[in-house]
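Structural overview
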Amino acid sequence: MLQPDIIERCKNNDRTAQLNLYRQYCNGMYLVAMRFVKDSMEAEDVVQESFIKAFAKIDQFEAEVSFGAWLKRIVINKCIDQLKARKKQLLELSEIHLKVVDDYEDEWFVDDCITIEDVKEVIDELPEKYRMVLMLYLIEGYDHQEISEILNITEVASRTQLSRGKIKLQERLKEIKHVKGY
């Protein structure tokens, strides 16, 4: 069945179509949620709540983006809400203290001896304000305008947090490289 047909049937509250759409996207959305909340039960809850919200608001879906991208935005927003509910609120940086970062982004080179698991571990260890921006930028592929909307920060703050997070990530990866003896 074509996706526009499934979406139309979901708009008409067709439970079979909703189940088909759920099955199509649940695993991918679970992986997105896990990257943020780091707990399988919480990630499952986020995915369930996201689908409930998506089906409740499916009339607002206008296919300007793919359904998957629309749903992913809902999942990420639910993850952020969940993190805030756990009292792990993002620290807001004062605009006065922000260093403006150029639009030019350096290359993101990682030494061959560093594994993807090393990178993921280091990202998980970073302060939340840097981790969130790094994950949204590097892993989810959002730009600074989208990140600023998702996290309710300015684009300058997004660029600054990305830059500072990248520096912290690189410093920690250099330590790992040194420990590995390269």
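Everything below is about the structure printed above this text.
This text gives an overview of the structure that appears in the document. (Residues numbered from 1 in each chain as written. Predicted model: local features only at pLDDT ≥ 70, side-chain atom pairs only at ≥ 80, totals over all residues. Heavy atoms only, no water.)

When you go through the protein chain residue by residue, the secondary structure sums to eight helices and zero strands. Ordered by position in the sequence, the α and β elements of the protein chain form the string α-α-α-α-α-α-α-α. Residue burial in the protein chain is summarised as follows: out of 182 residues, 40% are buried. Considering only intrachain contacts with a sequence separation of at least 6, the fraction spanning at least 24 residues in the protein chain is 70%. A total accessible area of about 11000 Å² is found for the protein chain, and carbon and sulfur atoms account for 50% of it. (Helix = DSSP H or I, 4+ residues; strand = E, 2+ residues; numbered from the N terminus. Buried < 20%, exposed > 50% of the residue type's maximum accessible area, 1.4 Å probe, protein only. Contact = heavy atoms within 4.5 Å. Areas by Shrake-Rupley, 256 points an atom, 1.4 Å probe, with all protein chains shown as cover.)

Here we come to the packing of helix α2 (residues 15-37) against helix α4 (residues 67-85). Viewed as axis vectors pointing N to C, α2 and α4 meet at an angle of 40°, and their least axial separation amounts to 10 Å. Pair α2 / α4 crosses with right-handed handedness. In this structure, α2 uses L21, Y25, M29, V32, A33, F36 and V37 to contact α4, whose residues at the interface are F67, G68, L71, K72, V75, I76, C79, Q82 and L83. The residue makeup of the contact of α2 with α4, split by class, is 13 nonpolar, two polar and one charged. (Axes fitted to C-alpha atoms, helices over the stretch in contact; angles between N-to-C directions. Left-handed = near helix turned anticlockwise from the far one by under 90°. Nonpolar A, V, L, I, M, F, W, Y, C, P; charged D, E, K, R; others polar.)

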